[in-house]
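# Architecture and fold: a report
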Amino acid sequence: MAAPWEDVLRDETAVQEAARVAVDAALLAGVLMRTEGEPNASDVVNYAPFTLLPSAVPSALFEQAYAVQQDFNLLVDAISQNKEFLERTLASTIKVDDFTARLFRIYMQVLEEGLAQSVFLGINRSDYMFDCGVDGTPALKQIEINTIAASFGGLTSRTVAVHGQVLKVLGKSKEASRLLPNNPSKGLALGIVKAWELYGSPSAVVMFLVEEVQRNIFDQRCVENELWNRNIRVIRRRFRDVFEKGSLDDARRLYMDGQEVAVVYYREGYVPKNYDQQNWEARLLLERSRAVKCPDIATQLAGTKKVQQELSQPGTLEKLLPGRAEAVARIRATFAGLYSLDVGEEGDKIAAMAITDPDRFVLKPQREGGGNNLYGEELRQVLEKIRDSPERTSYILMDKIKPQPAMNYLLRAHSPLQVSECISELGIFGVYVRQGKEMVMNEATGHLLRTKAIEHADGGVAAGVAVLDTPYLV
Ligand code: ADP
Ligand code: MG
């Protein structure tokens, strides 16, 4: 799976020169992030971390990942409409995990009142690694699917030009011309546009629900600008603003500062620290509204790790996607081993297996955003402590994916230039829109490659571990 630049990696002078070009190209292209010191101002910005060189990705696996995306869109949408499935699957989790329980309570409350929302917009990103089998053949294995606040669809559209220029500087023009164009943010915006149109109120706005700390604003602006270009007004608000100024009318239309909101696009709300009591109330207000939530709370729950684990049980996919045997087969082919730690004999066996052989597995709580999973010795210690307690059901267990590492340079502001042994994670963006029972849009809309040094078991770009990359198909 080696990319054709092993020669370049050894030429230190060429690498240093290319890195200088790369950083300036990234700044010019808009591969930007606000700084840790000033996360809410754009006076000082820096480049978002990225690899010096594109990473090799097997083209067959790349195509496989694209080919299964519409299936995953259908699956997530089906789960979000299946109360019985969500209730049963999350029953053990919500007993011990307070965050999932609170989301679930809102979900039930909204259903009891009756949904005011009739147009549904899903934006997700299905993430994969290339698992290296015993014979060395790589296989596409899903890490997780993100159904809320899936990010970097904007910045990643700008890395192609940067990597193209780096390759040219290094005398690899032919390879530069082979890099694929990629613009997820445009596709995501088109989904928002479709939902906004179907909502049917031309003066209504799209509201980006954003975090208190907004370092990744430029990624969001990429989507936002696509909407302004189509004459759709966008406002950016936090939960706090919704709590203070949001309201519903008799038809449960949502208003912010007197403006009707057609679509709420969450780039926030996926981790416990996003919520205090007021923010939970704001979330409930939004969910009760007629506005198109991206995602609605059911779709957020469909993206939990517990649901992912349940999907791998025999017969589950068939029940969720009846009459779609081919889609089921495509989806299942991407699953790694996933195991329930629910109370009972089966869970006892799984826990014992993981404690005996911790390096084979990853232990995952119901959390998003990176840095939460447990590996190796830490996995063993934690599981040993909770093996006889119901607390263990707040986790799922997963086979550890072992990709073939490759050498690359990770460019990060204020960090020395040094070569690292790296592995990559490929994400495919999906977007779909449903009106009532009818799917009116279902697409794969671009990709994201993130690469990290192998010494980090966990973590994404926002967590400061992985960096943006561009796939070079081999
Ligand atoms: P999060 O919701 O926090 O992003 P993930 O399931 O994506 O949770 O895990 C975070 C990171 O941990 C991934 O980006 C990947 O680097 C690593 N990881 C997760 N699952 C596995 C696995 N089964 N094998 C190897 N690495 C994994
Ligand atoms: Mg992840």
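For every chain, the first residue of the written sequence is number 1, and numbering continues from 1 onward in sequence order. Numbering of ligands from 1 and lettering of chains from A proceed in the order in which they are written. This being a predicted model, a pLDDT of at least 70 is required before a residue's local features are given, and a value of 80 or more before pairs of side-chain atoms are given or counted; all residues contribute to the totals for chains, interfaces and linings. Based on all heavy atoms of the structure, the side-chain values leave hydrogens and waters out of the count.

By the naming in an unreviewed UniProt entry, the protein chain is Glutathione synthetase, taken from Uria aalge. Annotation of the protein chain in UniProt includes, under Sequence similarities (unreviewed entry), the sentence "Belongs to the eukaryotic GSH synthase family." UniProt positions are given in the numbering used here, feature names are shortened, and annotations may be inferred rather than shown by experiment. Reading the Pathway (unreviewed entry) entry of the UniProt record for the protein chain gives the comment "Sulfur metabolism; glutathione biosynthesis; glutathione from L-cysteine and L-glutamate: step 2/2."

The next subject is the site of ligand 1. We call a residue near a molecule or strand when any one of its heavy atoms sits within 4 Å of it. Contacts to ligand 1 come from 21 residues, most closely from E144, K364, G370, E425 and K452. Two N or O atoms form a polar contact when they lie within 3.5 Å of each other; inside protein one atom must be a possible hydrogen donor and the other a possible acceptor, and for residues adjacent in sequence the pair counts only when both atoms belong to side chains. Contact between ligand 1 and K305: an oxygen atom at 2.8 Å from a side-chain N or O atom of the residue. Computed with the Shrake-Rupley method and a 1.4 Å probe, the accessible areas treat only the protein chains shown as cover for residues. Considering ligand 1 on its own, with 540 Å² of exposed area, one finds that the protein chains cover 95% of that surface. Across the shell around ligand 1, the residue classes break down as seven nonpolar, four polar and 10 charged. Counting residues domain by domain, the shell around ligand 1 receives three or more from each of domain 1 (6-336 + 401-473) and domain 2 (337-400). Each residue receives one of three labels: charged for Asp, Glu, Lys and Arg, nonpolar for Ala, Val, Leu, Ile, Met, Phe, Trp, Tyr, Cys and Pro, and polar for the others, Gly being one of them. Bear in mind that the domain bounds are from an automatic or database domain assignment.

The next thing to look at is the packing of helix α9 (residues 184-199) against helix α10 (residues 217-229). Two numbers describe how α9 lies on α10: the axes approach to 9 Å, and their chain directions differ by 50 degrees. One finds that α9 runs oblique with respect to α10. Crossing of α9 over α10 shows right-handed handedness. The residues of α10 that touch α9, namely those facing S185, K186, A189, I192 and V193, are C222, V223, E226 and L227. Class assignment for the residues of the contact of α9 with α10 results in six nonpolar, one polar and two charged. Helix axes are fitted to C-alpha atoms over the stretch in contact, other axes to C-alpha atoms as well, and angles between N-to-C directions run from 0 to 180 degrees. Counting from the N terminus, the helices are DSSP H or I runs at least four residues long and the strands are E runs at least two residues long. In this scheme, roughly parallel covers angles under 35 degrees and roughly antiparallel covers those over 145, while 65 to 115 is roughly perpendicular and the rest are oblique. Note on convention: near helix rotated counterclockwise from far helix by under a right angle means a left-handed crossing. Clockwise means right-handed. Residue contacts are defined here by distance: any two heavy atoms, one from each residue, within 4.5 Å place the two residues in contact.

To continue, consider unusual backbone geometry. If a residue is not glycine, its phi is most likely negative; likewise, a peptide bond is most likely trans. Here the amide bond leading from C294 into P295 is cis, since omega sits at 0 degrees, within 30 degrees of zero. One can find P295 in the loop between β12 (292-294) and α13 (297-302). Here A149, not a glycine, exhibits a phi torsion of approximately 55 degrees, which is positive. When you line up the elements, A149 lands in the loop between β6 (138-146) and α7 (159-169). Unlike most non-glycine residues, R252 shows phi in positive territory, near 60 degrees. Turning to its location among the elements, R252 is positioned in the loop between β9 (246-248) and β10 (254-256).

Helical periodicity: at 3.6 residues per turn, an α-helix aligns residues three or four positions apart in one direction. Within the sequence span of helix α3 (residues 59-67), burial applies to L61, F62 and A65. Down the axis of α3, the smallest arc covering the buried residues is 105 degrees, so these residues share one side. In this structure, α3 carries A60 and E63 as exposed residues pointing more than 90 degrees from its buried face. Whether a residue is buried, partly exposed or exposed follows from its accessible area with a 1.4 Å probe, protein chains only, as a fraction of its type maximum: under 20%, in between, or over 50%, in that order. Starting at the helix axis, one direction is taken to each C-beta atom, and the arc is that of these directions.

Domain assignment breaks the protein chain into domain 1 (6-336 + 401-473) and domain 2 (337-400). Between the C-alpha centres of domain 1 and domain 2 there is a distance of 26 Å. Contact residues are listed per partner, giving 28 residues for domain 1 and 26 residues for domain 2. Carbon and sulfur atoms supply 54% of the area that domain 1 and domain 2 bury against each other, a total of about 2200 Å² over both sides. Of all residues in domain 1, K305, A336 and D458 give up the largest surface area on contact with domain 2, accounting jointly for 26% of the area buried on that side. Any carboxyl oxygen of Asp or Glu that lies within 4 Å of a side-chain nitrogen of Lys or Arg is treated as forming a salt bridge with it. Among the ionic pairs, E368 bridges to K305, the shortest N-O distance being 3.2 Å. Inspection of the domain 1/domain 2 interface yields 16 residue pairs in polar contact (both at pLDDT 80 or more). Elements supplying a minimum of two residues to the side of domain 1 that touches domain 2: α5 (83-96), α6 (98-113), β6 and α14 (305-311). Among the residues forming the side of domain 1 that touches domain 2, the class breakdown is 11 nonpolar, 11 polar and six charged. We define buried area as the total accessible area lost by two parts upon association, computed with a 1.4 Å probe and summed across both.

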